[in-house]
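Overview (structure and organization)
So you can see what is in the structure, the chains are spelled out below.
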Amino acid sequence: MLKQTENIIEVKNLVKKFGDFVANDNLTFDVKQGEIFGFLGANGAGKTTALKILSGLSFPTSGIVQVAGFDVYREREKVKKNIGYMSQKFSLYEDLTVKENIRFYGGIYGLSGKYIKEKTEDLLKRLKMENIKDSLIKSLPLGWKQKIAFSVAIFHNPKIVFLDEPTGGVDPITRRDFWELIYEASDSGITVFVTTHYMDEAEYCDRVCIMDQGRIEAMDTPALLKNQYNAKNMDEVFIQIAR
Amino acid sequence: MSRFWGFVKKEFNHIFRDYRTMLILFGMPVAQILIFGYVVSNEIKDIKIAIYDKSKDNVTQEITNKILSSGYFVLDKNIDNDNQVEEAFKKGIIREVIVFEPHFAEKLEREGKASIQILADASDANTANIVSNYTSAIIRTYMKNELMKGDLPFEIDTNVQILYNKELKGVYMFVPGTMALILMLVSAMMTSISITREKEMGTMEVLLVSPLRSMPIILGKVIPYVGLAFVNALVIIALSYFVFDMPIQGNLAFLLLETLLFILMALSLGILISTVSKSQMMAMFISMFALMLPTMLLSGFIFPIENMPKILQWLSAIMPARYFIVIVKNIMIKGSGFMVVWKETLFLVGITILFLGISIKKFKVRLE
């Protein structure tokens, strides 16, 4: 697929400190529009911190961060309108039904009731979940919840969607299913920014950035990285870098 | 605006779908007011007594009738010799024996003085005290009425000095306190739990990433509880009025307005708790130990503030519930208006603003 070359995320010299602890040490990177950009690293490498700054949940200590053409610090409200977000604790209300969750999240983005209704039917049909639309979220298997959570995160057609370890705790086959949804979103022009520590997922990304102890250690397409480190798969690349 | 209502609707769904929340919200206020009203009350009712009338004349008969028709006492048996007195107490059914001395009416007429002995079972000291006070109060009332009728001045000798005090009625003391306690529980505890639940579930992050500003998020979460707490207050007032005959001497609208103010205070406290606690469990513990216990113990609800050590008196001075209790008592029992309770009202307004201010500041800090 042809990717546009326009940068939708630009980060220059991003530093985030918590007291003496440096969580993000001078990060600089760009993400291009429509790209699937993977942020890789072990737990505590600083992935989530960076993602929180990009999505406006946390402010940088220093550096320039622009998302969808707006500064995350000064134009936070404008950034918010253009992004979707799915947290690692996948974020649906357990005691609401599938339909109510979609209705609620659509509502807080200011979408009209009619639009939400039409799009919900469409969405449930595509996910083959029409018969569970009135089931409470807590009655569904984790893989389904994650799919719904992702669909909800892009329900308002954001320019970028941030996914923070979206597939934690599910098997590789369910992960594969989930990634079909990510590809669909990417094909429709949504930029996907995803953090993960599953190396099989790294293979699915257009470009990956490997973090270790708050710093970016490598950044390229999976194919070029494997080439560069003379590795069979991303797992080996990661192990070489993390050492 | 429709975003906001969507939010409120969602919050109601959470509440109505969780039976534990429902139980706390609707079961507890009713249960508490009934328990406090009936059980913990220091009011007496249908106390079993025995009468040992050594005189059996028309005056002793009249006094006996007065005592038995008061509603506080039920005659268990008549006693006619000294041995039966101890026997009666030993069975544990009779709480009090009233003894009229021989030739009661005659002595009254001739000497202007006669005595009644009140024997109370002090194994429950508190009840004994109340029971004997009530009895002597009834006798005093009788004596006063006879005096006013212009009969010969006479004196009936009883030992207890405290006058019959209508405001001693238990429910009058417990309704304002229970109201404060329940509104605190519903407003502060339930809101702090419901906000921290969103943090725990990760849904709060999604809300903060959305274009919703933090003010509507908080308001959307809090407004359903304002409504529910208010309904609770109405239920408590209705119960105390219809079941326990508690008067509402003052302006009902004014009472409800003050109640709303207290609810807002408790809500802002709830928001404050939610900004400092990371989990529902923590929010609950803070609410329990930092709010419930002081509200019960230090607000003057159960223990009189005047009897506390100085340091606890100072602590009680910063208990919002204390001021609310004063306000409610004044309005309901004495029929006071704003001019009487303006200081307490001002305190509540002030502390609400303080809590809200700190919460807003904390909420921002969390984003740094």
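Computed from a predicted model, the values in this text were never measured in an experiment.

1. Concerning the side chain of Thr64(B)
- Mapped onto the fold, Thr64(B) is located in helix α3 (residues 58-68).
- Apart from the residues lying within four places of it in its own chain, the contact partners of Thr64(B) are Ile51(B) and Phe100(B).

2. Focus: the sheet that holds strand β4 (residues 62-67) of chain A
- Strand order in the open sheet formed by four strands is β2-β1-β4-β5 (chain A), and the pairing between neighbours is antiparallel. Edge positions in the sheet fall to β2 (21-32) and β5 (70-71) of chain A, since each has one partner strand and no second.

3. Quick look at the interface of chain B and chain A
- Taken together, the contact pairs 24 residues of chain B with 30 residues of chain A.
- Summed over both partners, the interface of chain B with chain A comes to about 2500 Å²; 60% of that surface belongs to carbon and sulfur atoms.
- On inspection of chain B and its partner chain A, the count reaches two salt bridges.
- Where Glu100(A) meets Arg17(B), a salt bridge forms, and the shortest distance between an N and an O atom there is 2.7 Å.
- Inspection of the region where chain B meets chain A yields ten residue pairs in polar contact (both at pLDDT 80 or more).
- Sorting the residues of the side of chain B that touches chain A by element identifies α1 (2-17), α7 (170-201) and α8 (203-209) of chain B as the ones contributing at least two each.
- In terms of residues, the side of chain B that touches chain A owes the most to one element, α1(B), which gives seven residues.
- Looking at side-chain class alone, the side of chain B that touches chain A contains nine nonpolar, six polar and nine charged residues.

4. A short note on the environment of Ile327(B)
All names here are of chain B.
- Its place among the elements puts Ile327 in helix α13 (residues 320-334).
- By relative accessible area, which is 0% here, Ile327 ends up buried.
- Here the alpha-carbon distance between Ile327 and Val341, two residues 14 residues apart in the chain, equals 5.9 Å.
- Excluding anything up to four places from it in sequence, Ile327 contacts Glu258, Val341, Glu344, Thr345 and Leu348.

5. A few points about the pairing of strand β6 (residues 83-86) of chain A
Residue and element names in this part refer to chain A.
- Side-chain alternation along β6 places Ile83 and Tyr85 on one buried face and Gly84 and Met86 on a second face that is also buried.
- Taken together, the four bridges between β6 and strand β7 (residues 160-164) define a ladder with parallel strand orientation. From the neighbouring strand, Ile83 faces β7, where its bridge partner is Ile160.

Criteria and cut-off values
- Residues numbered from 1 in each chain as written.
- Chains lettered and ligands numbered in written order.
- Predicted model: local features only at pLDDT ≥ 70, side-chain atom pairs only at ≥ 80, totals over all residues.
- Heavy atoms only, no water.
- Helix = DSSP H or I, 4+ residues; strand = E, 2+ residues; numbered from the N terminus.
- Contact = heavy atoms within 4.5 Å.
- Pairing = 2+ DSSP bridges.
- Buried area = accessible area lost by both parts, 1.4 Å probe.
- Salt bridge = Lys/Arg side-chain N within 4 Å of Asp/Glu carboxyl O.
- Polar contact = N/O pair within 3.5 Å; in protein donor to acceptor, adjacent residues only side chain to side chain.
- Nonpolar A, V, L, I, M, F, W, Y, C, P; charged D, E, K, R; others polar.
- Buried < 20%, exposed > 50% of the residue type's maximum accessible area, 1.4 Å probe, protein only.

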